[in-house]
Every structure is written in structure tokens, then in C-alpha cells.
Amino acid sequence: MMTHKLQIRRLAFLFLISLLTTALYAQVGERYVCLTLESGVVRCGYLTLDDGREITLETPDMGTLIVPKVNVIQIVDAPEGTQGGGSGTDIELSDRMTNDNRALQATRYFFAPSAHSLRAGEGYGSLCILGIGNVSYGLSDNAIGGLSASLLGAGVTVKASTQLSETVHASAGGLAQIGWSGGRIVFPFVNVTKGDENNHFTIAAGYLGGTTDDSNNADEIDSPMLNISGCVQVADHAWFMTENYYFFKPEFFPVNMVGSMGLRLWRPNKQRLQEYAFMMLIEEDMNVIPVPWISYTWPF
């Protein structure tokens, strides 16, 4: 009888251990983390196993990854879908990958730039259904260079940023573009941004100049403008944004004001940002023309 009871207790004990192990495994598997390795590389994914010697991740870009724990110098929780990066001994970039204040795209709103900068080696490409596309790359921690194209023409972009205080940045830059049918456009700007990469607002001044074509009778483009934009993070993968312009001398379209508001969403399964906005073109007689804005951004 005692032997039978002992067997029952052992079975109950093993059953309890099994339940605890299953619960622990499930809890570990639900964590999305980023590991910083000794080399400075960051790897991110679901933590499925940590037995003290090895860590197993299910990553969105490399599948199952097993890392010796002795090579890991930092483990932090991260938003689902976060991808790692960094190379060599680039610990500073690796730390940035797991920074809570880091945003996948903080350097611009729908179109208007903020004063935040990409870090050296970071970049993104974007495409809008209105026929606007660009690629930008961090030349240094404070300078961005890029290429742009639209229905009006193609050209280059540049922006240099500086940090004025812990939460205030300023930048200057511009767009230089050659029209498809001739002419040229230059668009220098200066701006000031307050806030971190996820929550901020920007005040900017710019000047749209150039000519409509290369003929002797070309119209001169002469349009100073002001811009106010803002971004607020409303969920782990969502940001509300607004972008607004006032043109003192409208060009191309007879509108003095342009207002827009919408959402930027991160799609982990597609590894891209999607932006949906509603723009309002306000003419001199206050007539309002609605225009949808849909764009896609691929960080790299």
C-alpha cells in the first residue's frame, strides 16, 4: 500500500513539474527581446529557450537562432517585429537598436522633414501613390543625403542636424530637382523640432524657387512657405501625425494652405511602415479639395 501511495506521489510530482515547465516555456516564448552580442551585433526575436548555456530566438529575418549565452552582453524586451543590426564593435548603434525612444522613421512626417537625423549607416526608402518617392541614407550621425523623384522631376536631398538641448534639435537642408520637361526647382529649409523620436512637433520655414522650364519665357518660381507638423505615438506600432503648410505665393496649384492628418503604422510581418492620411488643399476662396495620401516606407 505504501509503495502504491509513493508511486502516486511521484506521478503527481512529475505532473506538477511538467505543468510548471510548460508554463515557463510558454511565458518565455511570449517574450520578444533583443540580444546585444560581444561583437556589437543585435539580434531580435521571440525568446523560446534560455537554459543558462544557450539562448534560442525565433527571429523575423533569420529563422531560428541559437546563441551561446557567454557571448551575450545585454538582453532587453523590445516591441514585436523589431529587427537587429549593427556590425563589428558598433556598440553605440546596437544600444540605439533597443532604445525605447528610437523610432523606425523619425526624420520626416508624411513629406515634411523633422530636425531628427538618421544615424550613420541607417536609411529608408519610401513611395507614395501620388507619385513621390525617395531614398535617404545617414552619411553621419548628423547628416543625411538622398535621391528623390516626383511627377515634377528628379533630384537630390540633403539635411544637416544639430542638437540644441536634450529635447530640441535644429536642421537645415534642401531639395534640388530638375524637371522632366526642363526647368529646375530648389527648396531650401530650416526647422526646429522639440521632443523625442516618437513624440515631437516641428516648426519650419522654406522657400520654393526656380523656373518652370528652360526657355527664355520661363516663369519664375517664387514661393516662401511655413510648415508646422507633429507626431504622437498612440500604440506600440502606430503614430498619429499632422502636417500643415502655408504658401505666401502659391505655385503649381492655386492653394494657400495644405493641411493633413493621419496614421503611420508599422507592419512587422511585411517589415515596412504604412502611412494613411487625409489631405485638404485650401484655395484662396477657402474652397477645400480633399486628397488621399497613402505611402509605404522601408527602413534599412
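Because the structure is predicted, anything quoted here is derived from the model rather than measured.

## Details of the nonpolar core
Point 1. Counting residues in hydrophobic clusters, the biggest one holds 24 residues, and the most contacted among them are Tyr-245, Val-258 and Trp-293.
Point 2. When residues of this core are traced back to their parent elements, those giving at least two are strand 11 (184-195), strand 13 (220-235), strand 14 (238-247), strand 15 (255-267), strand 16 (272-283) and strand 17 (288-299).
Point 3. Those residues within four positions of Tyr-245 in sequence are excluded, and the remaining contacts are Phe-111, Ala-112, Met-225, Leu-226, Asn-227, Asn-256, Met-257 and Val-258.
Point 4. Residues Leu-37, Leu-47, Leu-57 and Val-67 belong to the second largest nonpolar core, which totals 9 residues.

## Concerning the sheet that holds strand 13
Point 1. The antiparallel closed barrel is built from 12 strands, whose spatial order is 6-7-8-9-10-11-12-13-14-15-16-17. Between one strand axis and the next, the sheet turns by 20° as a mean value, whatever way the strands run.
Point 2. Where strand 6 (residues 123-128) and strand 17 come together, 5 bridges link them in antiparallel fashion. Pairing of Gly-125 across the sheet is with Trp-298, part of strand 17.

## A closer look at the pairing of strand 14
Point 1. Across 10 bridges, the pairing between strand 13 and strand 14 is antiparallel. Paired with Leu-226 across the two strands is Tyr-246, which belongs to strand 14.
Point 2. Connecting strand 13 to the antiparallel partner strand 14 that follows it, the hairpin turn spans 2 residues.
Point 3. Sheet topology places strand 14 next to strand 15; 9 bridges connect them, and they run antiparallel.

## Notes on the pattern of salt bridges
Two side chains with opposite charge may pair up if their charged atoms get near one another.
Point 1. Under the counting rule described, the total for this entry stands at 5 salt bridges.
Point 2. Among the ionic pairs, Lys-69 bridges to Asp-50, the shortest N-O distance being 3.1 Å. One end of the pair, Lys-69, is in the loop between strand 4 (63-68) and strand 5 (72-77); the other, Asp-50, is in strand 2 (residues 42-50), with 19 residues separating them in the sequence.
Point 3. Note on Lys-69: relative accessible area 32%, which makes it partly exposed.
Point 4. Asp-50 gets classed as partly exposed once you look at its relative accessible area, which sits at 33%.
Point 5. The closest approach of N and O atoms between Lys-249 and Asp-222, which form a salt bridge, is 3.1 Å. Residue Lys-249 is found in the loop between strand 14 and strand 15, and its partner Asp-222 is found in strand 13; the two are separated by 27 residues along the sequence.

## Examining the packing of aromatic side chains
Point 1. This structure, assessed with the given rule, holds 5 aromatic pairs.
Point 2. Geometrically, the ring pair formed by Tyr-245 and Phe-247 is stacked, given 5.9 Å between the ring centres and 15° between the ring planes. Both residues of the pair, Tyr-245 and Phe-247, belong to the buried class.
Point 3. Ring centres of Tyr-246 and Phe-248 lie 5.1 Å apart, and the angle between their planes is 85°; this geometry places the pair in the edge-to-face category.
Point 4. On the basis of relative accessible area, Phe-248 is assigned to the partly exposed category, the value being 45%.

## Observations concerning the side chain of Ser-136
Point 1. Looking at the element boundaries, Ser-136 is found in strand 7 (residues 132-140).
Point 2. Judged by relative accessible area, which is 5%, Ser-136 ranks as buried.

## What to know about the side chain of Asn-134
Point 1. Tracing the backbone through its elements, the reader meets Asn-134 in strand 7.
Point 2. Leave out the neighbours within four places in its chain, and Asn-134 touches Tyr-124, Gly-125, Ser-126, Leu-147 and Ser-148.

## As for the confidence of the model for the protein chain
Point 1. The predicted model of the protein chain has a mean per-residue pLDDT of 83, with 83% of residues at 70 or higher.
Point 2. Overall, residues 19-28 carries pLDDT values under 50, and its contacts beyond four positions in sequence, including any with other chains, amount to 4 contacts.

About the thresholds
- Residues numbered from 1 in each chain as written.
- Predicted model: local features only at pLDDT ≥ 70, side-chain atom pairs only at ≥ 80, totals over all residues.
- Heavy atoms only, no water.
- Core = buried A, V, L, I, M, F, W, Y, C linked by side-chain atoms within 4.5 Å.
- Buried < 20%, exposed > 50% of the residue type's maximum accessible area, 1.4 Å probe, protein only.
- Helix = DSSP H or I, 4+ residues; strand = E, 2+ residues; numbered from the N terminus.
- Contact = heavy atoms within 4.5 Å.
- Pairing = 2+ DSSP bridges.
- Axes fitted to C-alpha atoms, helices over the stretch in contact; angles between N-to-C directions.
- Salt bridge = Lys/Arg side-chain N within 4 Å of Asp/Glu carboxyl O.
- Phe/Tyr/Trp six-rings, centres within 6.5 Å; stacked < 30°, edge-to-face > 60°.
- pLDDT = per-residue confidence, 0-100.

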